[in-house]
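# Residue-level structure breakdown
Residue-level listing of the chains:
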Amino acid sequence: QQKVQQSPESLSVPEGGMASFNCTSSDRNFQYFWWYRQHSGEGPKALMSIFSDGDKKEGRFTAHLNKASLHVSLHIRDSQPSDSALYFCAVPNTGYQNFYFGKGTSLTVIP
Amino acid sequence: GGIITQTPKFLIGQEGQKLTLKCQQNFNHDTMYWYRQDSGKGLRLIYYSITENDLQKGDLSEGYDASREKKSSFSLTVTSAQKNEMAVFLCASSITRWNAEQFFGPGTRLTVL
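Report on the accompanying structure. (Residues numbered from 1 in each chain as written. Chains lettered and ligands numbered in written order. Predicted model: local features only at pLDDT ≥ 70, side-chain atom pairs only at ≥ 80, totals over all residues. Heavy atoms only, no water.)

### A look at the interface of chain A and chain B
Taken together, the contact pairs 22 residues of chain A with 26 residues of chain B. Between chain A and chain B, a total of about 1800 Å² is buried, with carbon and sulfur atoms accounting for 56% of that surface. A per-residue breakdown of the area chain A buries against chain B is headed by A:Gln97, A:Phe99 and A:Phe101, which together make up 34% of the total. Connecting chain A to chain B are zero salt bridges. Taken together, chain A and chain B are joined by three residue pairs in polar contact (both at pLDDT 80 or more). When contributions to the side of chain A that touches chain B are tallied by element, the ones reaching two or more residues are strand 4 (33–38), strand 9 (85–92) and strand 10 (99–101) of chain A. Looking at the side of chain A that touches chain B residue by residue, the classes come out as twelve nonpolar, eight polar and two charged. (Contact = heavy atoms within 4.5 Å. Buried area = accessible area lost by both parts, 1.4 Å probe. Salt bridge = Lys/Arg side-chain N within 4 Å of Asp/Glu carboxyl O. Polar contact = N/O pair within 3.5 Å; in protein donor to acceptor, adjacent residues only side chain to side chain. Helix = DSSP H or I, 4+ residues; strand = E, 2+ residues; numbered from the N terminus. Nonpolar A, V, L, I, M, F, W, Y, C, P; charged D, E, K, R; others polar.)

Structure, rendered in structure tokens:
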């Protein structure tokens, strides 16, 4: 069973618009979430992590965590063409040194 | 800051061939990882290592061997390449903490003819 579910698979937004991604963990042991971004031809880069209920804001990026439902979302306001990339949700395997990654959401920002 | 270097960038092999991918990092991180990325399947962990000469299997270790002879390097061997196999192999490193950020290299793209 996939431990991390992401939706949607792909998303298109106009430049300046809001992009939103969803991620759900299937295991109550996984309550710490990372968001990674991968541009074409590059390796993923970490955007932010969240482990407390509520919102965490870093610049144009806001993550929201609901621990009761094991659901985290990522919102990008004022989307730019350079935000076009694959966005992954990742959860650390508590007590171990490995992560589980979701399948990713492909974002296209249309100029 | 640091950097992760993966060689080669592109690797083309024949079915049944043993192929080796290499990774170097200068972050001075203890933990290193190998992931496989297939289109539509996200990143799947093959092996990781928390220190020199340590190896831990991930969910996708069958068909692969790994080697961590130095702190700064981690290599992955495809023991018998499968025809029509095409994937990107990503190396990463982190400090040894269960929820630590991982830093990734640019990847090696494998094609098997």
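Picking up where we left off.
### Section: the side chain of A:Gln38
As for its position among the elements, A:Gln38 is in strand 4. Among the polar contacts listed, one links the side chain of A:Gln38 to the backbone oxygen of A:Glu42, at a separation of 2.9 Å. For A:Gln38, the residues in contact, after removing those within four places along its chain, are A:Gly43, A:Pro44, A:Ala85, A:Leu86, A:Phe88, B:Gln37 and B:Leu90.

### Re the pattern of salt bridges
Residue and element names in this part refer to chain A. Summed over all chains, the structure comprises seven salt bridges over all chains. Put simply, Arg37 and Asp83 hold a salt bridge, and the shortest N to O gap is 2.9 Å. Of the two residues, Arg37 is situated in strand 4 and Asp83 in the loop between strand 8 (71–76) and strand 9; the sequence distance between them amounts to 46 residues. Here Arg37 falls in the buried class, since its relative accessible area comes to 18%. With relative accessibility at 1%, the residue Asp83 sits in the buried group. (Buried < 20%, exposed > 50% of the residue type's maximum accessible area, 1.4 Å probe, protein only.)

### Focus: the sheet that holds strand 3 (residues 19–25) of chain B
In a beta sheet, neighbouring strands are held together by backbone hydrogen bonds and run either parallel or antiparallel to one another. All names here are of chain B. The strand order across the open sheet built from four strands is 1-3-8-7, with neighbouring strands paired in antiparallel fashion. Only two strands of the sheet have a single neighbouring strand rather than two, namely strand 1 (4–7) and strand 7 (64–70). Between one strand axis and the next, the sheet turns through 15° on average, direction left out of account. Of the pairings in the sheet, the one linking strand 3 to strand 8 (residues 73–78) comprises six bridges and is antiparallel in character. Within the sheet, the bridge partner assigned to Gln24 lies in strand 8 and is Ser73. (Pairing = 2+ DSSP bridges. Axes fitted to C-alpha atoms, helices over the stretch in contact; angles between N-to-C directions.)

### Quick notes on the sheet that holds strand 7 (residues 61–66) of chain A
Residue and element names in this part refer to chain A. Taken together, five strands build an open sheet; the order of strands is 1-3-8-7-6 and the sheet is antiparallel. Whereas interior strands pair on both sides, the edge strands pair on one side only; in this sheet they are strand 1 (4–7) and strand 6 (54–58). Going across the sheet, the axis of each strand differs from the next one's by a mean of 20°, ignoring polarity. Examined bridge by bridge, strand 3 (residues 19–25) and strand 8 share six bridges and lie antiparallel to one another. Bridging across to strand 8, Ser20 finds its partner in His75.

### Re the pairing of strand 1 of chain A
Residues and elements named next belong to chain A. Burial along strand 1 is one-sided: the face carrying Val4 and Gln6 is buried and the face carrying Gln5 and Ser7 is not. Summarising the sheet, strand 1 and strand 3 pair through four bridges and their orientation is antiparallel. Note on strand 3: the bridge partner recorded for Ser7 is Asn22.

### Some remarks on the packing of aromatic side chains
Residues and elements named next belong to chain A. Using the criterion set out here, one finds 16 aromatic pairs over all chains in the structure. Ring geometry for Tyr32 against Phe51: centres 5.2 Å apart, planes inclined by 10°, an arrangement best described as stacked. Of this pair, Tyr32 sits in the loop between strand 3 and strand 4 while Phe51 sits in the loop between strand 5 (45–50) and strand 6, and the two are 19 residues apart along the sequence. Judged by its relative accessible area of 11%, Tyr32 falls in the buried class. (Phe/Tyr/Trp six-rings, centres within 6.5 Å; stacked < 30°, edge-to-face > 60°.)

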